[in-house]
Amino acid sequence: MLRGQAHSIAIVTLRADAIGAMSCNPAIGGIAKGQMVREIDALGGLMSLASDATGIMFKMLNTSRGAAARSPRAQCDRHAYARYVRTALGSRQEIDIIEGAVEDLTVERGGDACRCVAGVVIRRLNDDDLQFVGADAVILTTGTFMRGLMHEGERMTPGGWAGEAPSTGIAKSLRVLGFELGRLKTGTPPRLSKGTIDWDDLESQVGDAPPTPFSDLGLDAAGPDGFAPPLAQTSCRITKTTREAHEFIRANLHRAPMFSGQIESVGPRYCPSIEDKVVRFAERDSHHVFLEPESYESDWVYCNGIATSLPRDVQADVVKRLPGCAHAEVVQWGYAVEYDMVRPHQIDASCMARHIAGLFFAGQINGTSGYEEAAGQGLVAGVNAVRFARRESAWALGRDLAYIGVMMDDLVTKTPIEPYRMFTSRAEHRLLLRTDNTADRLTPIGMQLGIVDTARAAAFARRSDALRRVRDVLAGPMFGKRARRPDYTVETLSADAGLTPGVHLPWGVLETALAEHQYAGYLDRQRAEVKRQERMERRAIPSEVDFKAVTGLRTEARNALERFRPATLGQAGRLEGVSPADMTLLLVALERHTRS
């Protein structure tokens, strides 16, 4: 949020043509991640629209399971996706895009001895001179670039992505300002030339027909034949590693940075490298590898399942041993990247730093992984940066309202020891946080915040009206218990009620109405539990409370409360090291503080 300039927002990036670049797998969504993309859409975000416009293979995951587990995913054309995002940002006259690096933060003393961000010092591209840019609020989204170091066998190269330089000055600035930094690792697999793969010899994995779009605008506009993606649809192929490849990897573990001691930081446990898989799952002779096309504008194929930092000769041997890849050519080698992050106990659920007002962090700088987690934080930070600049109160989502709320609460109550990834199992109220009801949960909130445009508001009004009509139908005598049977489907409901999606009502309405009907008892219990927890969740802990002075607190609890500075009793109760007995003592102390 710029001060005293024609543009109200500046985006400072090392390369403007890299905005929207999908540095890892060009796929959006997946288990729990797809729910977050839908939430971003319901709140007016861009990620869903970009995915729908550039998706080349859409698939709804977990369709054999209940409504709470289903998650959308789309393989996107990486070049088309980046171009869509750049075009969207370029169409906004209030945004100024600056090529350069943020080298320093400028902080001023505010009222009550509070420190407040005043702007950034940048070094423009191809210019050694430093320039101060004043701002009412600053959001740092450094990704893997903050002191990024790439590993490929024994070879180490400074950078955040292949061919991209790191950002170094900002890490020093954050340390000077008193921030505690950590170090994490992620990795990427080799890419192959599609024309050199024996494509037809491999098992095919096809997308859904018709596909389910991410955006409510796509659902609203779809006709009786469903959503029609703008780009032609493709398929992926499935291959697998072999026993011989595993033996070769074991023989070369001394050259793997993860095992040689060259990499000391922690990587994602849920998405291990192939060398980590071979060690951790020694009893297995093979692991699936999904060959996923990256774009119609190149022949690059992403090898999903063999992320690695092994040397090139080892990578080449592993690739050659994959069925269908005996003649495959590697167009980009896999590598690992280490990078700095800000430990997120230093922010609150609005993404703002606790001890520097107006400074926000979003994405991998907070210890998360993935495009979707970063986008969710970006939305929260963006809304709150504007609200801060306007002197409005901070805004946050609760755990019962959104997966984004679950993520933010997890980040500010637990110190990640590995890159944080969203899973459905992290959400205790996941039956309330289904993919199908995202608009009902969040679009009214987005409308109140002023971040939902008229097109989306109109689509939501049409959906709400249709949903009321279907609920009335399900309340009729011919449905009742019959529609609550697990074998009663959306297609059955459509036929029985004489309601066709895309003709009589928008797509997605029947799914929501049927899920509400079939899970009514469970939903009532979850809502009752949410209400029971609300009193603790709403009870604010004043910032001036001295936890060291609370009589009887165990040292572990006192240290956790001092470190995380929870905003509410609900957050305090979720801290690691805080017991129910500690909570009782804290509640007594708060009562005394209130009386005094």
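Rules behind the numbers
Residues numbered from 1 in each chain as written. Predicted model: local features only at pLDDT ≥ 70, side-chain atom pairs only at ≥ 80, totals over all residues. Heavy atoms only, no water. Helix = DSSP H or I, 4+ residues; strand = E, 2+ residues; numbered from the N terminus. Buried < 20%, exposed > 50% of the residue type's maximum accessible area, 1.4 Å probe, protein only. Axes fitted to C-alpha atoms, helices over the stretch in contact; angles between N-to-C directions. Parallel < 35°, antiparallel > 145°, perpendicular 65-115°, else oblique. Left-handed = near helix turned anticlockwise from the far one by under 90°. Contact = heavy atoms within 4.5 Å. Nonpolar A, V, L, I, M, F, W, Y, C, P; charged D, E, K, R; others polar. Pairing = 2+ DSSP bridges.

1. Quick look at unusual backbone geometry
A cis geometry characterises the amide bond from A209 onward to P210, with omega recorded as -5°. Along the chain, P210 falls in the loop between β13 (203-205) and α5 (216-221). Positioned with a positive phi, A32 is a non-glycine residue whose angle comes to about 70°. With respect to the secondary-structure elements, A32 resides in the loop between β2 (27-29) and α1 (33-42). Here A32 falls in the buried class, since its relative accessible area comes to 0%. The phi angle at C351 is positive, at roughly 80°, despite the residue not being glycine. Structurally, C351 is set in the loop between β18 (335-342) and β19 (359-361).

2. A few points about the packing of helix α12 (residues 438-449) against helix α13 (residues 454-474)
Direction vectors running N to C along α12 and α13 enclose 140°, while the axes themselves pass 11 Å from each other. As the angle between them shows, α12 and α13 are arranged oblique. As for how α12 packs across α13, the hand of that crossing is left-handed. Residues A439, D440, T443, P444 and M447 of α12 form the contact with α13, whose participating residues are A457, F460, R463 and L467. Considered class by class, the residues forming the contact of α12 with α13 number six nonpolar, one polar and two charged.

3. Some remarks on the sheet that holds strand β1 (residues 9-13)
Strands sit in the order β1-β5-β6-β7 across an open sheet of four strands; the sheet is mixed. Single-partner strands in this sheet number two, and they are β1 and β7 (130-134). Neighbour-to-neighbour, the strand axes of this sheet turn through a mean angle of 50°, independent of strand direction. When strand β5 (residues 95-109) meets strand β6 (residues 115-124), the two strands line up antiparallel, connected through nine bridges. When the sheet's bridge partners are listed, A101 is paired in β6 with R123.

4. A few points about the sheet that holds strand β17 (residues 330-332)
On the basis of which strands lie adjacent, the open sheet formed by six strands has the order β13-β14-β15-β16-β12-β17 and antiparallel pairing. Each of the sheet's edge strands pairs with one partner strand only, and the pair in question is β13 and β17. The sheet shows a mean angle of 40° between the axes of neighbouring strands, taken without regard to direction. As defined by bridge partners, β13 adjoins strand β14 (residues 236-240) across three bridges and the pair is classed as antiparallel. Across the sheet, the residue bridging to E203 is I238, located in β14.

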